[in-house]
2 protein chains.
Amino acid sequence: MQLKYAIIGSGGIGGLYGGFLAKSEHEVHFLLRSDYDFVKQNGLQIDSVKGDFHLSSPNVYKEASAMPVCDVVLVCLKTIQNKILKDLLPSILHKNSVVILVQNGLGIEKELSDIFTNVSVAGATAFVCTTKVGPGHIHHAEYGTLTIAKYCGDCDMILNQVADDFINAGIQVNLSDDLNSIRWKKLVWNIPYNGLTVVLNAATDELTFNTATRSLVIDLMNEVVDAGRICGAKISDSFVSKMIEMTEKMTPYSPSMRLDYEARRPMEIQTMYTNPIKIAKEKGFEMKKTQMLEQQLRFISDTQQTVKE
Amino acid sequence: MQLKYAIIGSGGIGGLYGGFLAKSEHEVHFLLRSDYDFVKQNGLQIDSVKGDFHLSSPNVYKEASAMPVCDVVLVCLKTIQNKILKDLLPSILHKNSVVILVQNGLGIEKELSDIFTNVSVAGATAFVCTTKVGPGHIHHAEYGTLTIAKYCGDCDMILNQVADDFINAGIQVNLSDDLNSIRWKKLVWNIPYNGLTVVLNAATDELTFNTATRSLVIDLMNEVVDAGRICGAKISDSFVSKMIEMTEKMTPYSPSMRLDYEARRPMEIQTMYTNPIKIAKEKGFEMKKTQMLEQQLRFISDTQQTVKE
């Protein structure tokens, strides 16, 4: 079976994963907004730790309505933009299409399947350092593994094929049957590092090697683990220390929220903070420190918007 | 009885309260460091909401050893500097002197009386907006009440006299018999506003009128009230809402920690955060949000010192 892929959002994540699929001769259709004219004319450049490559004439579109119906839709937007999916997706879906949300945060698959009740939905977390450095230009610095899990629908066969396609394209994929656990495990890293790099205006290494913030990162991670477990996620006892070790070895890094903040784009506070706090609270668990970080981020976001206007 | 006063530290607090005493013809001896030469030559200027005045030749000293023995020593240093009191105080104390710490934070009276075991010690909180705006130049914007309470020693009579002297000088004084309560009540305001104005780079009004940080300020205040009560402080149920109302009416203000931060002076993290957290923990109460704020402040302080070097 030859799958047709749609890539919605061609920033660091979408450009990278769509680019790898296209390079290994899968049929990939990219939806672009601001970069459309540039990529139409100049193609897509991927500078990757796995080897640089150039796609000279990828299939690019300015409007979803111009795209063909696809089997797999990789949503690589910021969750802030998910409200546009309602109008954007219908014309590119057939009855067996699967929509995979390659995004951060919690509660996003439910939101989508509440709107598209008959569509197969899956979620994916990307363990990768990748950034769009210019129009049609992606810099892939480190890692790359995708972890994919079904949320709803009869899509196991197609997800197996997606995994094979990525593996053939040189991207490691883990197929999981526990989306809830992979989402919470991702939050264990995302909640402390995304928020604190913004609030304290610092990169991951500074936070990890300072005694006070190292303790705080660990406190926050433990709080997320506790909340996740109460919400049914399976997270091992050694997970927090593994995340700290991994971060120590990483090249100093600005997580996506810090990049958004610095570029004055909206931050993913709702899906990365507000939703997990709310979901844990419904199970009777108060994420006190996470909530404090959320309140600080809301203040920063509110006052930043004021500056913009 | 005519009391002799020593003022140790003549910044916004010491300059103001010593200035008012001197203006109403009490015997006041000021210990100055960097401003000594300026004040010796030009005197002390107080621009006060209660009326401006100038002291043309106050008794000023560069070294404590040159000062006379005094009955009342008002310590108006930042608590960061309290380590110098060990060497500074002995020459100005007689056996009935009382040392009053007009400072912020918790545990400071105990620290002092552990060193000076036979000396009477009291604590005071100043409810005042006052700043040193230049050498020998104090700007007193709002409020002014001192609340004084004994920590140890046979000093009730002398404290009554101190209260009378201040009242005669135009400064409102409350004498309390519960130092623990006045220290914790002061922290209810100090803990949220001092730390958050530094971490979020904002003034008191911005934090109070933004929805997210208003909630956070209230959460932190409630945590301090809970901790204080567990440590024996008497704080009324309406105290938090009173503090919020009061702050809403205040002229937008940068608390002392923010002024210290902006001037690259050390911040009073130890006495305002670390000591209360530790004292509450000894009673079995974890100040989770306060601790998070302390960790953020430690990071800021650590990285700021790095910039300085």
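It should be noted that the structure appears before, not after, this text.
About the thresholds
Residues numbered from 1 in each chain as written. Chains lettered and ligands numbered in written order. Predicted model: local features only at pLDDT ≥ 70, side-chain atom pairs only at ≥ 80, totals over all residues. Heavy atoms only, no water. Core = buried A, V, L, I, M, F, W, Y, C linked by side-chain atoms within 4.5 Å. Buried < 20%, exposed > 50% of the residue type's maximum accessible area, 1.4 Å probe, protein only. Contact = heavy atoms within 4.5 Å. Least-squares fit on C-alpha atoms with pLDDT ≥ 70 in both. Helix = DSSP H or I, 4+ residues; strand = E, 2+ residues; numbered from the N terminus. Expected span 1.5 Å × (residues − 1). Bend = angle between axes of the 7 residues up to and from the residue. Buried area = accessible area lost by both parts, 1.4 Å probe. Salt bridge = Lys/Arg side-chain N within 4 Å of Asp/Glu carboxyl O. Polar contact = N/O pair within 3.5 Å; in protein donor to acceptor, adjacent residues only side chain to side chain. Nonpolar A, V, L, I, M, F, W, Y, C, P; charged D, E, K, R; others polar.

All right, on to the nonpolar core then. Core analysis: the largest hydrophobic core is formed by 90 residues, its most contacted members being A:Trp184 and B:Trp184. Not counting residues within four places of it along the chain, the set of residues in contact with B:Trp184 comprises B:Leu106, B:Val224, B:Ala227, B:Gly228, B:Cys231, B:Ala233, B:Ile235, B:Pro276, B:Ala280 and B:Met287. Formed by 40 residues, the second largest nonpolar core is a distinct cluster that contains A:Ile7, A:Val72, A:Val128 and A:Ile171.

On to the relation of the copies chain A and chain B. Expressed as a screw operation, the relation of chain A to chain B combines 0.0 Å of axial shift with a rotation of 180 degrees, fitting to an RMSD of 0.0 Å. Expressed as a symmetry operation, the mapping of one chain copy onto the other fits a two-fold axis. In terms of proximity to the rotation axis, the leading residue of chain A is A:Lys289, whose C-alpha is 3.1 Å off the axis. Mapped onto chain B, 100% of the interface residues of chain A again fall at the interface, so both copies present the same surface.

The subject of this paragraph is helix H11 (residues 269-282) of chain B. Over its 14 residues, H11(B) extends 19 Å from the first C-alpha to the last, a length consistent with the 20 Å expected when each residue adds 1.5 Å. Most pronounced at B:Asn275, the bend in H11(B) amounts to some 30 degrees, and the proline B:Pro276 follows within four residues.

What follows covers the interface of chain A and chain B. For an interface, size is often stated in terms of accessible area lost upon the parts coming together. Tallying the contact residues gives 23 residues for chain A and 23 residues for chain B. Where chain A abuts chain B, roughly 2,000 Å² becomes buried across the two surfaces, and 68% of that area is made up of carbon and sulfur atoms. A per-residue breakdown of the area chain A buries against chain B is headed by A:Met292, A:Gln295 and A:Phe299, which together make up 33% of the total. At the boundary of chain A and chain B, one finds zero salt bridges. Along the contact surface separating chain A from chain B lie seven residue pairs in polar contact (both at pLDDT 80 or more). A per-element tally of the side of chain A that touches chain B places helix H12 (residues 288-308) of chain A first, with eleven residues. Along the lines of polarity and charge, the residues of the side of chain A that touches chain B split into eleven nonpolar, six polar and six charged.

Glancing now at the environment of A:Thr197. Residues and elements named next belong to chain A. For Thr197, the position within the fold is in helix H6 (residues 179-199). When its relative accessible area of 0% is taken as the criterion, Thr197 is described as buried. Once the C-alpha coordinates of Thr197 and Asn180 are considered, the two residues, 17 residues apart in sequence, prove to be 25 Å apart.

A complete count under the given rule lists 26 salt bridges over all chains for this structure. In this structure, B:Asp35 and B:Lys132 form a salt bridge, with 2.8 Å as the shortest nitrogen-oxygen distance. Residue B:Asp35 is located in the loop between strand E2 (27-31) and helix H2 (36-42), and its partner B:Lys132 is located in strand E8 (residues 120-134); the two are separated by 97 residues in the primary sequence. When its relative accessible area of 9% is taken as the criterion, B:Asp35 is described as buried. Between B:Arg265 and B:Asp260 there is a salt bridge whose closest N-O contact spans 2.9 Å. Judged by relative accessible area, which is 1%, B:Asp260 ranks as buried. Look at the salt bridges and you will find they share partners, linking A:Lys78, A:Asp260 and A:Arg265 into a network.

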